[in-house]
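# Summary of the model geometry
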Amino acid sequence: MTAVEETEGRNGALPPWVGRLGRLLVTLVITLVGLLFVTFLIGRVVPIDPVLAAVGDRASESTYHKVYLELGLDKPLWEQFLIYVNNVLHGNLGESVLTNRPVLDDIADTFPATLELSTFAILIGTCVGVPLGVWAAVRQGRLVDQIVRVLGLVGYSAPIFWLGLTGLLVFYARLGWVAGPGRIDIAYQYDVERITGMMLVDTLLQGQWDAFWNALSHILLPGTLLGYYSLAYISRMTRSFMLAELGQEYIITARVKGVRESRIIWRHALRNAAVPLVTVIALSYGNLLQGAVLTETVFAWPGLGMYLTNSLGSADMNAVLGATLVIGAVFVALNLLSDVLYTVLDPRVRRRG
Amino acid sequence: MSGALLTVDNLRISFPTRQGRAEVVRGVSFTLGRERLGIVGESGSGKSQTGRAILGLTPPPGRAEADTLRFDGRDLRHATAADWRSLRGRRISMVMQDPKFSLNPVMSIGRQLMEAAARTASSRTEARAKALAMLEAVQIRDPERVFHAYPHELSGGMGQRVMIAMMLIPEPDLLIADEPTSALDVTVQIEVLRILDALVKERGMGLIFISHDLRLVSSFCDRVLVMYAGRVVEEVKASDLMQAKHPYTQGLFRCLPRIEGGTRPLPTLQRDAEWAR
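Model, not experiment: these values are computed from the prediction. (Residues numbered from 1 in each chain as written. Chains lettered and ligands numbered in written order. Predicted model: local features only at pLDDT ≥ 70, side-chain atom pairs only at ≥ 80, totals over all residues.)

### Examining unusual backbone geometry
In terms of backbone geometry, most residues other than glycine have negative phi values and most peptide bonds are trans. Residue and element names in this part refer to chain B. Here the residue pair Pro60 and Pro61 is connected by a cis peptide bond, since its omega of 5 degrees sits within 30 degrees of zero. A positive phi is found at Asn10, a non-glycine position, where the angle reads about 55 degrees. Tracing the backbone through its elements, the reader meets Asn10 in strand 1 (residues 6–17). Looking at Asn10, the number of C-beta atoms within 10 Å reads 13, which means it is partly exposed. In this model, Asp72 sits at a positive phi of 50 degrees, which is unusual for a non-glycine residue. Relative to the helices and strands, Asp72 is located in the loop between strand 5 (68–71) and strand 6 (74–75). Asp72 gets classed as partly exposed once you count the C-beta atoms within 10 Å, which come to 15. (Helix = DSSP H or I, 4+ residues; strand = E, 2+ residues; numbered from the N terminus. Buried ≥ 20, exposed ≤ 12 C-beta atoms within 10 Å, placed from the backbone.)

### Overview of the confidence of the model for chain A
When pLDDT is low, close inspection of the predicted coordinates is not appropriate. Residue and element names in this part refer to chain A. Averaged over every residue, the pLDDT of chain A is 86; residues scoring 70 or more account for 95%. When mean pLDDT is compared element by element in chain A, helix 6 (residues 103–138) scores highest at 94, while helix 1 (residues 3–11) scores lowest at 43. Contacts of residues 1–11 to residues separated by more than four positions or lying in other chains number one contact, the stretch itself having pLDDT below 50. (pLDDT = per-residue confidence, 0-100. Contact = placed C-beta atoms within 7 Å.)

### A closer look at the interface of chain A and chain B
Contact with chain A, which involves 17 residues of that partner, is made by 21 residues of chain B. Take the side of chain A that touches chain B: its biggest share by element is seven residues, from helix 12 (residues 249–257) of chain A.

### Description of the pairing of strand 3 (residues 36–40) of chain B
All names here are of chain B. Of all five residues in strand 3, five are buried; the element is thus mostly enclosed. Burial along strand 3 is two-sided: Arg36, Gly38 and Val40 facing one way and Leu37 and Ile39 facing the other are all buried. Looking at chain direction, strand 3 and strand 9 (residues 206–211) are connected through five bridges and run parallel. Each bridged residue has a counterpart across the sheet, and for Ile39 the counterpart in strand 9 is Ile210. Bridge analysis of strand 3 against strand 10 (residues 223–228) gives four bridges, and the strand direction is parallel. Of the residues in strand 10, the one forming a bridge with Leu37 is Arg223. (Pairing = 2+ DSSP bridges.)

Dropping the structure here:
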């Protein structure tokens, strides 16, 4: 055994994923501090007087001054930042002027709605988009490929509010196949106890089947619509990744071995295409989780997008910053998740870690 | 005719271009018994496409046609996808050029070997045993470790030995080796070739050895086809290659460096438009 092998052997005593996890956590903390810093700066840079927003424009000079001191605006900027970080770490995102409630409570109400809708959409986008993309790649240039292309093009170019309104008109008003705007009928609304804030999950956990089907009927249209948008993107990317993989030499090797075509497509090519696809899907999911303002508005879906837009409209900076922070954190978490999936999917990355 | 394993008559391979179909192989004919046939030619001469056409792997939209394409009594011209699948691997196999690209990067060596072994083995245990035995046969010292490794963890020479092992597991009757050593270091080349040579001899299979290396082919094969611009310009016994008649082959030989008595600088190959007709 050479010296090099020996050191490798000693490191092997501690599983390699421990070191990787440590590095990952350090990166995570640095990213999050950066995120806090940026949101803090946004709050200071925008031309909105936080005192005025809190006390209103009819308050007296002395009240204004008192609040000014209370908010710590006389302190140096770095101290304000530390206070801000400290508050955030204690789960204090300030109060919303608009709702008169802690911003954290507002987000705890709105975010699950967005999370539910986004997850529903990304599941459709992935479960339909990936096979469609694979199919289009395998039948490149044929009819299926053209259909998938047109489908994607429509997904890109048709305005979502138009599709949403048309969908409501056809499937809700005319055909009555799905429920209308909102997350659940009022009849069920107060029976469902809030556990996760996600209607489908909560009703399931409580075994309220009627309410579950009702909530599903509500989410079907907006969820499918958003799913269609991510599907358009995911299927296109899947198609091009698959085409790249199917042109590789190892595919010919598999053919020479006499491997079944279906196995070549799903086990050889897609397994390789899955590595970059993970990032595409994670980013699509991230975009959805920002809250789809237009969809949420059309379908009266009380999600993060609507909350953020309303807060912006009334210069409610605490709410805006809180929501921005959550969106940022979601992106960081998704990036982390796709990094982890990368190492699971690609042995070449596994080694380097 | 009875002794022939493979008969190819007037093989033509063409690809559509904007100016109509471009023929890259224009009427190649040869027969092959259980012997070692070398195909030499420069890049673009159609030697690799000839090898792939025998496996029905002409990449679409390319098209391969022939007057006869017969393997062991079966007409390959009208083979269906299922026919091809039953032939590939089990009867005809191919070692590809560069293990860096020809092995699936995210699948362990073991699983890739098992795919080949599963076709002729009755159980997983048997397939596994076959795979490990084959790794040993290509002189891999630690088969168990390589079995669990991924392609990027192997050197080029090891990768190519794995490739050879994979293609020989189902014990095919005909092996096509498409530049099997071109991506390897010179020192490793000889070693890999020796292993390939020994296994082919031992199992008595036919071999088509495709290469651009005239000297390598002449020392390694029984018979040599020299291809130029999609045609076979010369067919000679390897031992007679020095007496080749075609000016292209002679020209190639003149361009090879010699240890003593060679001319310097080496002459450039003077092409004659006549050869490509």
